[in-house]
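# Coordinates in review
Each chain, letter by letter, is given below.
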Amino acid sequence: MAANKKMLMLPGDGIGPEVMHEVRRVIDWMARRRAVSFDISEDLVGGAAMDVKGTPITDKTIADAAAADAVLFGSVGGPQWDKLGFDNRPEIAILRLRKELGLFANLRPAVVFDPLINASTLRPDVVQGLDIMIVRETVGGVYFGEPRGIETLANGEQKGFNTDVYTTSEIERVGRVAFELARKRGNKLCSVEKANVMECGLLWRQVMTKLGEREFPDVQLSHMYADNCAMQLVRNPRQFDVIVTGNLFGDLLSDLASMLTGSLGMLPSATLGAPDATGKRHALYEPIHGSAPDIAGKGIANPLAQILSFAMLLRYSFELNEDADLIERACSNVLASGLRTADIMAEGCARVGTHVMGEAVIRELDKQAA
Ligand code: IPM
Ligand code: MG
């Protein structure tokens, strides 16, 4: 196995550092048992960086992230930083990383782990076997569109405004990622916008249609309005294979989809840039859950989403599919054995904290490698 893969770890705020600590143990195990090793550096982001460096992310950290082969991100934010000016909010760290590294395709899987079937708020027969991939555009749309701002009008009133904007090439590049993923899965892609009320959505639909006809005629493409998609995700989520959508709708729909699975604490995500001439692409991996300030420091957070984010990193940045499989299986076996953190606790299961959960994953890895 090749050594000297460069990984930058950015634990961030809240439960970020606690769950990242458990990932460290998985990384050590991989180095020891599978000869998969990394040059690891670690840095502050979010509120933690704000407190120490006076900014949610320094230019140096951005440059280090760009130089790394992959970034493993924790989560940012917390009530103590809520009153900061817009530009100093902890969330700026992830937004700048996405924008400045060109990380335009955010892959958010929503998979139901069989042992967790009863943790979903939906009936088991609706969610059993669920396996959706949401591809969310992350460097465009209303998150970054200009003009934006808060202005004072002549009558003294204030006006807040943002702009939703997508160009043909921005739609095509994220569309291609989604089509290609669909090809490797169930060959079905649903493109989501509001073409009925927004020009930006209308263009999205036209561009996706042409792209499908031109480059992916073998993939079954459908279109859906975002509000209907939200409804369909709750009504009959298994109708979906891959969903592709813009930044804001993707933010909403991926939270919705993740909750179908019973726990936000279980789901990883990958955000990918465009491949360069050698096929290498910038990539950042992070759990879908946030910094959960209410439970931070208590040792009860679920480390599995962060661990599974590392598995995704092995798979998408290094094609270490076997090693990723190993970790995913270990997590699934730990759940099957009845261990649960508080967020996924169920009757008859054993409630454990962050560290014991991490330890159980290591024990499972040992078993599989034996
Ligand atoms: C997400 C988060 C971010 C977003 C925040 C932290 C800026 O909600 O990754 O889904 O809105 O994109
Ligand atoms: Mg979100």
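Residues numbered from 1 in each chain as written. Chains lettered and ligands numbered in written order. Predicted model: local features only at pLDDT ≥ 70, side-chain atom pairs only at ≥ 80, totals over all residues. Heavy atoms only, no water.

### Comments concerning the sheet that holds strand S2 (residues 38-42)
Spatial ordering of the open sheet is given by S2-S1-S3-S12-S11-S4-S5-S10-S8-S9, a layout of 10 strands whose pairing is mixed. Single-partner strands in this sheet number two, and they are S2 and strand S9 (220-225). Neighbouring strand axes in the sheet, compared pairwise and without regard to direction, differ in orientation by 20 degrees on average. Each of strand S1 (5-12) and strand S3 (70-75) is contacted by helix H3 (residues 59-67), which is oriented at about 140 degrees to S1, the strand it contacts most. (Pairing = 2+ DSSP bridges. Helix = DSSP H or I, 4+ residues; strand = E, 2+ residues; numbered from the N terminus. Axes fitted to C-alpha atoms, helices over the stretch in contact; angles between N-to-C directions. Contact = heavy atoms within 4.5 Å.)

### Observations concerning the pairing of strand S12 (residues 283-287)
Taken across its 5 residues, S12 has 5 buried, putting it largely inside the fold. Of the two faces of S12, the one carrying Ala283, Tyr285 and Pro287 and the one carrying Leu284 and Glu286 are both buried. Here 2 bridges tie S3 to S12, and the two strands are oriented parallel to one another. The residue of S12 that forms the bridge with Val71 is Leu284. In this structure, strand S11 (residues 268-272) lies alongside S12, joined through 5 bridges in antiparallel fashion. Within the sheet, the bridge partner assigned to Leu272 lies in S12 and is Ala283. (Buried < 20%, exposed > 50% of the residue type's maximum accessible area, 1.4 Å probe, protein only.)

### Brief notes about the nonpolar core
In this structure, Leu107, Val135, Phe310, Leu313, Leu314 and Ile327 are the most contacted members of the largest nonpolar core, which totals 70 residues. At 9 residues, helix H10 (residues 304-318) tops the list of elements feeding residues into this core. Mapped onto the domain boundaries, this core takes at least three residues apiece from domain 1 (1-104 + 277-370) and domain 2 (107-272). By size, the runner-up hydrophobic cluster in this structure holds 19 residues, among which are Ile132, Val192, Ala226 and Ala257. (Core = buried A, V, L, I, M, F, W, Y, C linked by side-chain atoms within 4.5 Å. Domains from an automatic or database assignment.)

### Side note on the domain arrangement of the protein chain
Domain annotation for the protein chain reports domain 1 (1-104 + 277-370) and domain 2 (107-272). Put simply, the middle of domain 1 and the middle of domain 2, counted by C-alpha atoms, are 23 Å apart. With 29 residues of domain 1 in contact, the opposing surface of domain 2 contributes 30 residues. Taken as a group, Arg98, Phe104 and Ile288 account for 31% of the area that domain 1 buries against domain 2, more than any other trio of residues on that side. Seen at the junction of domain 1 and domain 2, the total is 0 salt bridges. (Buried area = accessible area lost by both parts, 1.4 Å probe. Salt bridge = Lys/Arg side-chain N within 4 Å of Asp/Glu carboxyl O.)

### A closer look at the environment of Asp251
Position of Asp251 relative to the elements: it lies in helix H9 (residues 247-260). One polar contact links Asp251 to Tyr143, side chain to side chain, over a distance of 3.1 Å. (Polar contact = N/O pair within 3.5 Å; in protein donor to acceptor, adjacent residues only side chain to side chain.)

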